[in-house]
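Below are the chains, spelled out letter by letter.
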Amino acid sequence: MLIVNEQQIINTYLMKDAIQDVTEVLKGKEAKKIASPHRTVIEFPPYEASALYMPSADLVGEVAAVKVVTIFPHNPANGKATTQGVILLSDASNGEHLAMLNASYLTRLRTGALSGIATNYLAKQDAKVLAVIGTGAMAFEQVLGVLAVRPIELILLVNRNLEKAKAFGEKLKAFGVQTAYELIEDVATAVRQADIINCATRANEPVFDGDDLKAGAHVNGVGSYLPHMHEVDLTTITRAAKIVVDDLAGVKEEAGELIDAEERGKWSFEQVYGEIGQLVVGAIKGRENKEEITFFKSVGAAYFDLAVAKGVYAKAKEQQIGTEIDV
């Protein structure tokens, strides 16, 4: 079995690779070539934390994966990462375990790739201003996903702690991102300017007022993934001309803001425009005019991890990266 650590993956596997591989798995899912049982979530209330167990398989490519990821938001105070995970990749023709991959970066990367894909279909072609609400670990790859598909000229980094926003901006610069950025405390100021809004928080209350969205805005909401979490408000949901989700079954169980909207009788899951895979294969249209507000909601699904795990394994074998061990 091949062991590949996070730094080896970062050095080898980029956002463009993730967008390509996630796009392909979305096509496979639409063609019913992917098996993806619903994930199991175990919560640890004393730590406001959770562990996710996520299996999937490519029935044609004959490869299976299971990701185990833990999310402990208070870890940074103790010098540990918020998100920690591993992906086990197995040969589905003989059961051989092929690789064990660090999954923390890959989780962030595949989620950023999903937002990139959604943005490509739903945001205005000439979108130039990106607002980033929440500058934690997950937000970085969200920015990279958007930058991969739109000519962004200004990034607005929103955080009540400007030092955190500044550190995020410096990280972007160190990575090679040359797009200008501004630090903003007031979320409304940023949202009113933005063509695209990225939300990657674990908020239990909405992080911006939907009335502040300008015509033609696109929102990526990827942070809230449990029923009690709410990143966007009811106004955003009801103003959106198109709500596209990554995986409808998962969203119905885990997207707190949408669950709450339906329970209050203000909206229904029947109003979901479609899944992102339907956009990719052309079963539904993307943006149709410059005025409509669009919203992409992602809670994650195992087959996205399968996509990037397959991609990393192929690159690692090709470039002879990682450590082979007997198991």
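Coordinates for the structure precede this section.
Residues numbered from 1 in each chain as written. Predicted model: local features only at pLDDT ≥ 70, side-chain atom pairs only at ≥ 80, totals over all residues. Heavy atoms only, no water.

Undergrad: So what about the environment of arginine 192? Which residues, and what values?
TA: Relative to the helices and strands, arginine 192 resides in helix 6 (residues 187-193). The spacing of arginine 192 and alanine 217 is 25 residues in sequence and 9.3 Å in space, taken between C-alpha atoms. Not counting the four nearest positions on each side in its chain, arginine 192 is found in contact with Asp212 and Lys214. Among the polar contacts made by the side chain of arginine 192, one reaches the side chain of aspartate 212 at a distance of 2.9 Å. (Helix = DSSP H or I, 4+ residues; strand = E, 2+ residues; numbered from the N terminus. Contact = heavy atoms within 4.5 Å. Polar contact = N/O pair within 3.5 Å; in protein donor to acceptor, adjacent residues only side chain to side chain.)

Undergrad: Lay out the side chain of aspartate 246 in plain terms, naming residues and giving numbers.
TA: As for its placement among the helices and strands, aspartate 246 is situated in the loop between strand 13 (242-245) and helix 8 (248-254). Comment: no salt bridge for buried aspartate 246; closest opposite-charge side chain is arginine 110, at 5.8 Å. Reaching out from aspartate 246, the side chain makes a polar contact with the backbone nitrogen of glycine 300 at a distance of 2.7 Å. In contact with aspartate 246, not counting residues within four places along its chain, are Val251, Glu275, Ile276, Phe296, Lys297, Ser298, Val299, Gly300, Ala301, Tyr303 and Phe304. (Buried < 20%, exposed > 50% of the residue type's maximum accessible area, 1.4 Å probe, protein only. Lys, Arg positive; Asp, Glu negative; His and termini not counted. Salt bridge = Lys/Arg side-chain N within 4 Å of Asp/Glu carboxyl O.)

Undergrad: How would you explain the packing of aromatic side chains if you had to name every residue and give the values?
TA: Enumeration over the complete set of coordinates arrives at 6 aromatic pairs. Aromatic pair phenylalanine 140 and phenylalanine 175: ring centres 5.4 Å apart, planes at 85°, arrangement edge-to-face. In this pair, phenylalanine 140 sits in helix 4 (residues 137-147) while phenylalanine 175 sits in helix 5 (residues 162-175), placing the two residues 35 residues apart along the sequence. Between tryptophan 267 and phenylalanine 269 the ring centres are 5.1 Å apart and the planes differ by 70°, which places this aromatic pair in the edge-to-face class. Accessibility assignment for this pair places tryptophan 267 and phenylalanine 269 in one class, buried. Sitting over the face of the ring of phenylalanine 140, lysine 171 holds its NZ or CZ atom 4.5 Å from the ring centroid. If you follow lysine 242 out to its NZ or CZ, it ends over the ring of tyrosine 273, 5.1 Å from the centre. (Phe/Tyr/Trp six-rings, centres within 6.5 Å; stacked < 30°, edge-to-face > 60°. Lys NZ or Arg CZ within 6 Å of the ring centre and 35° of its normal.)

Undergrad: Lay out unusual backbone geometry with the relevant residues and their values.
TA: Backbone geometry places lysine 32, a non-glycine residue, at a positive phi of 60°. Take lysine 32: it is sitting in the loop between helix 2 (15-30) and strand 2 (34-35). When its relative accessible area of 71% is taken as the criterion, lysine 32 is described as exposed. In this structure, glutamine 320 is a non-glycine residue whose phi angle is positive, near 55°. Within the secondary structure, glutamine 320 sits in the loop between helix 11 (302-319) and strand 16 (323-324). The exposure class assigned to glutamine 320 is exposed, which follows from its relative accessible area of 73%.

Undergrad: Tell me about the pairing of strand 6 (residues 83-91), residues and numbers included.
TA: Relative to strand 6, strand 5 (residues 63-71) is paired through 9 bridges, and the arrangement is antiparallel. Counted as the bridge partner of valine 69 is glycine 85 from strand 6. Pairing of strand 6 with strand 7 (residues 97-102), which is carried by 5 bridges, proceeds in the antiparallel orientation. Bridge pairing links leucine 89 to alanine 99 in strand 7. (Pairing = 2+ DSSP bridges.)

Undergrad: I'd love a proper account of helix 11, names of residues and values included.
TA: End to end, helix 11 covers 26 Å across 18 residues, agreeing with the expected 26 Å (1.5 Å per residue, within 8%). Along helix 11, the residues that are buried comprise Ala302, Tyr303, Phe304, Asp305, Leu306, Ala307, Val308, Ala309, Gly311, Val312, Tyr313 and Ala316. Positioned one or two residues after helix 11, glutamine 320 has a phi angle of 55°, which is positive. (Expected span 1.5 Å × (residues − 1).)

Undergrad: Any details on the pairing of strand 4 (residues 49-58)? Residues and values, ideally.
TA: With respect to burial, strand 4 is a largely interior element, 8 of its 10 residues being buried. With 2 bridges joining them, strand 2 and strand 4 adopt antiparallel strand pairing. The residue bridging isoleucine 34 from the neighbouring strand is aspartate 58, located in strand 4. Sheet analysis places strand 3 (residues 40-44) next to strand 4, joined by 5 bridges and oriented antiparallel. Residue valine 41 lies in a different strand from strand 4, and its bridge partner there is leucine 52. Between strand 3 and the antiparallel strand that follows it, strand 4, lie 4 residues; glutamate 48 among them carries a positive phi value of about 50°. In terms of strand pairing, strand 4 meets strand 5 through 9 bridges, oriented antiparallel. Paired with leucine 52 across the bridge in strand 5 is valine 69. Where strand 4 hands over to strand 5, the hairpin turn is made up of 4 residues, of which glutamate 62 adopts a positive phi near 55°.

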